[in-house]
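Tertiary structure, described
Given next are the chains, with one letter for each unit.
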Amino acid sequence: MPIHSSQTGNITQVQIEDRLEADTAQEFRDAMAQLADAGKIMLVLDFSKVSFMDSSGLGCIVSALRQFRQKDGDIKLACITDDIRPLIEIVRLNRVFDIYDSVEEAVKSFD
Amino acid sequence: MIENKTGMDTLELTFPPSTRYVRVAVQFAASTGAIFCRDITEPDAIKEFLSVLELVVSEACTNAVKHGSRKDSTKDVIIQIRFDEQAMVIKVKDFNEPFDFASIKDPDLENHPENGYGVFLMRSFMNEVNYTHEDGWNCITMVKKKPAGEERQGQAPLSSL
């Protein structure tokens, strides 16, 4: 699973370039755990290149959010595509995650 | 492809019980769904239909792999798709002991659990979701009607599929 990360101050931007499903879930969990262990706990997840997500993907991002918030960090979601938005909304994750139209807006929201 | 008794086409894919093959099943469903939708003129309606189809097939097949077919099972997971002008019927089968599908509750959406969304999503996005146990196989059958405005008049009812 290609996961690219970059740093803007203390904010880490992570772009996922794959499907987020059962087969890729563990790789995503491992990547999130590595960031948390490295103290990179202010995260923007860029979904612009995620073409598909199922409930395994949902579970991953909920798990990561709990992990980061326990460390006084946070995860913001950016660039949710129309393919994924109905899934996010029907399970009401839009109530627990802050969601932004662009990565830049998500990064600024940490100010 | 198998021509069934009612003159409707049935397409079937079998795959070993591993999550690595679930996306193959999803692509199989999406390709079949694209054929089902070929007389729909609204691209957004097709896109929405196929997104839902991919999601529910992923959920059903992942459940079949993870909770259905035993680790030592040599039985493949089977996905069978039938369709006519009105609806698609997707059946996902895994060989294992029966379970109480009706007792599976919706997740607590106020507390955002990390799992337990699969059946909820199937029930939410499909017109019908049923469970049966047939000759040792757990069978999840899901029905999705063709998007509104595109249904044809005078076709056979869904129950005949």
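Note that the structure is predicted; figures quoted are calculated from it, not measured. (Residues numbered from 1 in each chain as written. Chains lettered and ligands numbered in written order. Predicted model: local features only at pLDDT ≥ 70, side-chain atom pairs only at ≥ 80, totals over all residues. Heavy atoms only, no water.)

Attention now moves to helix H3 (residues 118-125) of chain B. Among the 8 residues of H3(B), 6 are classified as buried, and the element is accordingly described as predominantly covered. Gly118(B), Val119(B), Phe120(B), Leu121(B), Met122(B) and Phe125(B) are the residues of H3(B) that are buried. (Buried < 20%, exposed > 50% of the residue type's maximum accessible area, 1.4 Å probe, protein only. Helix = DSSP H or I, 4+ residues; strand = E, 2+ residues; numbered from the N terminus.)

Here we take up the layout of surface pockets. Unoccupied space between atoms shows up once a probe the size of one water molecule is rolled over them. One number sums up the size of the largest pocket: a volume of about 660 Å³. In terms of lining residues, the largest pocket is bounded by 33 residues, among which Thr62(B), Asn63(B), Lys66(B), His67(B) and Gly116(B) are the most central. Looking at the lining of the largest pocket, the elements with two or more residues in it are helix H1 (22-37) and helix H2 (55-70) of chain A together with helix H2 (43-68), strand S4 (87-95), H3 and strand S6 (137-145) of chain B. Sorting elements by how many residues they give to the lining of the largest pocket places H2(B) first, with 8 residues. Considered class by class, the residues forming the lining of the largest pocket number 12 nonpolar, 13 polar and 8 charged. Taken as a whole, the second largest pocket holds about 480 Å³ of empty space. (1 Å grid on protein atoms, 1.4 Å probe; cavity = no way out; pocket = protein on both sides within 12 Å on 5 of 7 lines; lining within 4 Å. Points joined across faces, edges and corners; volume = space filled by probe spheres on them. Nonpolar A, V, L, I, M, F, W, Y, C, P; charged D, E, K, R; others polar.)

Moving on to the pattern of salt bridges. Summed over all chains, the structure comprises 11 salt bridges over all chains. A salt bridge links Glu21(A) to Arg19(A); the nearest nitrogen and oxygen atoms lie 3.2 Å apart. What makes Arg19(A) buried here is its relative accessible area of 11%. A salt bridge links Glu21(A) to Arg23(B), with the nearest nitrogen and oxygen atoms 2.8 Å apart. Residue Glu21(A) is located in the loop between strand S2 (11-16) and H1, and its partner Arg23(B) is located in helix H1 (residues 22-36); the two belong to separate chains. Exposure remark for Glu21(A): the relative accessible area of 3% places this residue in the buried category. A single network of salt bridges, built from pairs that share partners, joins Asp18(A), Arg19(A), Glu21(A) and Arg23(B). (Salt bridge = Lys/Arg side-chain N within 4 Å of Asp/Glu carboxyl O.)

On to the interface of chain B and chain A, then. At the interface, 24 residues of chain B touch 25 residues of chain A. Surface buried jointly by chain B and chain A totals about 2000 Å² across both partners, of which 53% is contributed by carbon and sulfur atoms. Summed over the three residues of chain B that lose the most area to chain A, namely Arg23(B), His112(B) and Glu114(B), the buried surface amounts to 32% of that side. Counting across the interface, chain B meets chain A through 5 salt bridges. (Contact = heavy atoms within 4.5 Å. Buried area = accessible area lost by both parts, 1.4 Å probe.)

So, on to a negative patch on the surface. A surface patch of negative charge is lined by Asp82(A), Asp83(A), Glu42(B), Asp44(B) and Glu48(B). Residue position: Asp83(A) is located in the loop between strand S4 (74-78) and helix H3 (85-90). (Patch = residues over 30% accessible without salt bridge, like charges linked within 9 Å, V, L, I, M, F, W, Y side chains within 5 Å. Areas by Shrake-Rupley, 256 points an atom, 1.4 Å probe, with all protein chains shown as cover. Lys, Arg positive; Asp, Glu negative; His and termini not counted. Charge placed at Lys NZ, Arg CZ, Asp CG, Glu CD.)

Attention shifts here to the sheet that holds S2(A). Residue and element names in this part refer to chain A. Pairing within the open sheet is mixed, and its 5 strands lie in the order S1-S2-S3-S4-S5. In this open sheet, the two strands that pair with only one neighbour each are strand S1 (3-8) and strand S5 (98-100). Across this sheet, the average inter-strand angle for adjacent strands is 25 degrees, counted without regard to direction. The pairing of S4 with S5 spans 3 bridges and is classified as parallel. When the bridges of S5 are listed, Ala-78 appears paired with Tyr-100. Against the sheet, H2 makes contact with strand S3 (42-46) and S4, and its axis sits at roughly 140 degrees relative to S4, the strand it touches most. (Pairing = 2+ DSSP bridges. Axes fitted to C-alpha atoms, helices over the stretch in contact; angles between N-to-C directions.)

Moving on, we come to the confidence of the model for chain B. Per-residue confidence for chain B gives a mean pLDDT of 87; residues scoring 70 or more make up 83%. Within the model, pLDDT remains below 50 along residues 150-161 of chain B, and this stretch shows 24 contacts once partners closer than five positions in the same chain are excluded. (pLDDT = per-residue confidence, 0-100.)

On to the environment of Leu121(B). Structurally, Leu121(B) is set in helix H3. Remark: the alpha-carbon pair of Leu121(B) and Glu59(B), spanning 62 residues in sequence, is separated by 7.9 Å. Beyond its immediate chain neighbours, meaning those up to four positions away, Leu121(B) contacts Ser55(A), Leu58(A), Leu87(A), Ile90(A), Val91(A), Leu55(B), Val56(B) and Glu59(B).

Turning our eyes to something else, we now look at the nonpolar core. Core analysis: the biggest nonpolar cluster contains 75 residues, and Leu45(A), Phe47(A), Ile61(A), Val57(B), Ile79(B) and Ile90(B) have the highest contact counts within it. By residue number, the principal contributor to this core is H2(B), which donates 12 residues. In this structure Phe47(A) touches Ile16(A), Leu20(A), Met53(A), Ile61(A), Leu77(A), Ala78(A), Cys79(A), Ile80(A), Thr81(A) and Ile84(A), once residues within four positions along its chain are discounted. (Core = buried A, V, L, I, M, F, W, Y, C linked by side-chain atoms within 4.5 Å.)

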